[in-house]
Structures are given as C-alpha cells and as structure tokens.
Amino acid sequence: MSRASDKAPEGARAGAAAAPGVKGWCPGAWVPMASGDGLVVRVRPRLARLSRAQVEGLCDVALRYGSGVIDITSRANLQLRGVAEADHEALLQELARLGLLDVDPGLEGRRNVLVAPDWRTGDRTARLAEALLARLADLPELPAKFGFAVDAGAALWLEGASADIRLETGADGGLVLRADGAASGRAVREDEAVDRVVELAEWFAVAAGRASGGASPTLRRMTRMARLLEAVPLPEAWTGVAPCAGRAAPRGPGMTRIGPVVGFAFGQARAGRLPEILKAAGAQAVRVTPWRCLVLEGGRAVAHAPDHAITDPGDPLLGIDACPGAPLCPSASVETRALARRLAREPGLAGRSLHVSGCAKGCARARPADLVLVGREGRFDLVANGHAWDEPCQRGSGPDELDALVRQAPVP
C-alpha cells in the first residue's frame, strides 16, 4: 500500500508519525500523530456513519493494534490510540478492508466535512455532502484544520461545531452558503452550491495569504475563516441573506427519530464494550456526532449500557471537556481526566460548562466554556467564559485548590 503524499502537513509525510508539539493540524489515518501512549490514528467515516460490521471491525483493530480506546472527536471522527509504529501498516490494511480509508492520502487529509446527524438517504443534506466529497480535489490548498459543514435539514444542528464554510437551511427553507463568523450568507441553488463552496474557499486562500504576507498555508496565522474575518471584510456578494432557520439543540443522551443517543465521558469509548451497546439497542449502524456522542441508528433505548456509557441526559460529565492530559500528551504538564471526574461532583459546577486542558492549545474544545482550567508547569490557570488560549483571570492554582476555585468562580 503506497504511502506517498504531497498533501501531508509540512514536517510530516504519510506513513510517518509527526513528532509531539503544536501542530496546527489534526492526525489522520495515513499521517498519524505521535503521543505519549503511541500513535494517534484518526478515522473519518463518510457522512459520519459506520455500519455495525464496520464498528465491530474497528473495535477489533483498536484492541489488536492499539490501547483499546476509541476517542470520539468534536469533528465527528474516531481516533485509535496507542498504536505502535510497527503496526501502522497492518492497521491501514485493516481500515481499507473495512472501507474506512481513502486510497488517496491527500484527499483523506482534506475530508473535513461535518454532516448534520439527522440526514436520511437521498435527502438534501446527504446529496450535498456526497457532492462536496466528490469535489475535494477541486479545492485550493487550505490549512489542515479548515473544514466544512452541511446542515441542510429542517433545523440547524451544527451551529456550535467547528467548520469554516457552511451550507445551511435559510429562514425561507432555501439553501444558504455562509462563511463562519459572518452573521448572514449567500442564497444558492442546490445545483450550484458546491461550485460556490469552491469559490468561497478560493477567496479564503487568497485573502488569508495576503493577510499573512504570503506564508505557506501550514504556517499561516489566519488558519480559520472566523479569525480571518476579524481582519478582512467578506465581499458583499457572500452576505445579506436572511437569518438561517431555527437551531436544533445539540443531542445528548435520549431518543431521536434516527435512534437513541449514547454519550461517553470525554468522548472516550472502550472498544471491548462498544459492540455490546449496539447489540443491546439492536442498532445496525452508528452516527458520530460533534458532541462526542453516538446515535444508534434504528435502535431502541438502551436500558443497561456498559458502565462507561452515559444514557442519562443530566449526567454532569456531559458538560465537561477534557483532553487526555499528562502523561498521554507530551504537551501537557498536568493530569486532566481524573480531575475532571472529581470536579463533576462539585455542586458549584451545576449548569455550567467546564473545559480542563492540559495546555493552552485547548484541543478538546474549540468553543468557549464557562470555566476553563489550563495546565501550566504542573499547576492551573483559570479562564472565565473563554478558551484555553485566552488571558486567565487567575494563575498558578494547585490541583487541591480547584474545588474551591470552581465554587467561587463568577457565573458569567
């Protein structure tokens, strides 16, 4: 299986793990990322859907070649952790056999397309997503974290999810193409929508290049659309359409018309137990959501899920994001997830979101949180109503001080 790719991020080529540190890109299948527990290999299911056979096969691969942990990411992808360098080629072969690997490593790296989880076969969301996937090669060179959202159903699901160019339903039921960070978008017909997506991506590539002095895409500071629009005005041709349709709340545990939703603390599922959940629900497929939950397609409510699965929509762990932390991530100087579990029991956290980040990169959560604890040199800084990279309002707290800190933190 050939591993050569001209599209891999700078400093990394397909088949070779990138060294730990600040990357500005996400791992993939062909280009995994080195971490403290081995390689991190990201799998991007088409339309965020895996059949039951694919889930069972992926779980088997995670147990054979990895740590048995499957991370559900905020981009509706799955990550296998703890993969040995020597096993990467065999793992790729298994992913290809399961239909979970693009033949072209370059296109696999570009396939950052979020799809609203309520799509149905042949509906507008599914049609647009498939049309966009077929045109990935036509896109200009873009930063590796640059992504797209297709959210063309009756209500919007992906408003808070990470994407730079969005195809959405408008207030009149029509289709709107919107640049992330802009309040309004451009009305487009379905038959021209992907052409206009390519055009907007081309505008971004040119404008970001100019704003950053012509630096290469992987080195640009303006790597995301919303950030670029803070410095460069969007042409009027891409704005002006009425506000988009009513927003659907992110789906935590509960029943939907697609099937029941099951959550996982910090988006971490156990490969040895995940097939049991599908079997208990009678589900024939799963859909991965940006909220680190799985929709059990066509299934029934799960009465007795494995102990690591969350079926209670009121579970406080659902409001907490935490990265792997130390020692699993070399960038982190603090342990994160045991701390997050402890703080979840803190009454002062009720109704508030918490992000526990091992460092200022904030990989586990791109959107603001009410409270953010950021590891720095073995201690924690506190950010209120912001991101891990924002200026903290308090610095240098020890782990034993954090319960009181959470209780006393101001409510935004």
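In short, a report on the structure. Not measured: the values here are computed from a predicted model. (Residues numbered from 1 in each chain as written. Predicted model: local features only at pLDDT ≥ 70, side-chain atom pairs only at ≥ 80, totals over all residues. Heavy atoms only, no water.)

1. Considering the pattern of salt bridges
Opposite charge on two side chains permits pairing when their charged atoms draw close. Under the convention used in this document: Salt bridge, as applied in this entry: a Lys or Arg side-chain nitrogen positioned within 4 Å of an Asp or Glu carboxyl oxygen. Elements are defined by DSSP. Helices are runs of H or I of four residues or more, strands are runs of E of two residues or more, and each kind is numbered from the N terminus. Accessibility here uses a 1.4 Å probe with only protein chains present; expressed as a share of the type maximum, an area under 20% marks a residue as buried, one over 50% as exposed, and anything in between as partly exposed.
If you walk through the whole model with that rule in mind, you get 32 salt bridges. For Arg81, the salt bridge goes to Asp37, with nearest N and O atoms at 3.1 Å. Residue Arg81 is located in strand S5 (residues 78-83), and its partner Asp37 is located in the loop between strand S1 (33-35) and strand S2 (38-43); the two are separated by 44 residues in the primary sequence. Taking relative accessible area as the criterion, Asp37 reaches 22% and is therefore assigned partly exposed. When the shortest N-O distance is used, the salt bridge between Glu108 and Arg44 registers 2.9 Å. On the criterion of sequence distance, the pair formed by Glu108 in helix H3 (residues 105-110) and Arg44 in the loop between S2 and strand S3 (49-51) is long-range, its members being 64 residues apart. For the pair formed by Glu108 and Arg44, the shared burial category is buried. If you follow the salt bridges from partner to partner, you end up with Arg189, Asp191, Glu192, Arg196 and Glu199 in one network.

2. A word on the environment of Gly267
Selection criterion: The criterion used for residue contact is that any of the two residues' heavy atoms lie within 4.5 Å.
Checked against the element boundaries, Gly267 lands in the loop between strand S12 (260-264) and strand S13 (268-270). When its relative accessible area of 0% is taken as the criterion, Gly267 is described as buried. Discounting residues that sit within four places of it in the chain, Gly267 has contacts with Ile70, Asp71, Ile72 and Arg292.

3. Remarks on the sheet that holds strand S10 (residues 186-188)
Test applied: At least two DSSP bridges between two strands are needed for those strands to be called paired. With axes taken as lines fitted to C-alpha atoms, and helix axes fitted only over the stretch in contact, angles between N-to-C directions fall between 0 and 180 degrees.
A sheet is described by the order of its strands in space; here five strands give the open sequence S6-S7-S8-S9-S10, paired in mixed fashion. Two strands in the sheet have a free side with no partner beyond their single neighbour: strand S6 (113-115) and S10. On average, each strand axis in the sheet is inclined to that of its neighbour by 25 degrees, with strand direction left out of account. Pairing of strand S7 (residues 148-151) with strand S8 (residues 165-169), which is carried by four bridges, proceeds in the parallel orientation. Note on S8: the bridge partner recorded for Asp151 is Glu168. Along the sheet, helix H4 (residues 124-133) contacts S6, S7, S8 and strand S9 (175-179); its crossing angle with S7, the most-contacted strand, is approximately 155 degrees.

4. A word on the packing of aromatic side chains
Stated precisely, the cut-off is as follows: Pairs were defined over the aromatic rings of Phe, Tyr and Trp, the Trp ring being its six-membered one, requiring ring centres within 6.5 Å. Orientation was assigned from the angle between planes: stacked under 30 degrees, edge-to-face over 60, tilted for the rest.
Within the structure shown, the criterion is met by three aromatic pairs. Relative to Phe204, the ring of Phe146 lies with its centre 4.6 Å away and its plane at 50 degrees, an arrangement referred to as tilted. Taken together, the residues Phe146 in the loop between H4 and S7 and Phe204 in helix H5 (residues 193-211) connect sequence positions 58 residues apart. Residue classification places Phe204 among the buried residues on the basis of a relative accessible area of 0%. With a centroid separation of 6.1 Å and an interplanar angle of 40 degrees, the aromatic rings of Trp157 and Trp291 are classed as tilted. Taken together, the residues Trp157 in the loop between S7 and S8 and Trp291 in the loop between strand S14 (285-288) and strand S15 (293-297) connect sequence positions 134 residues apart.

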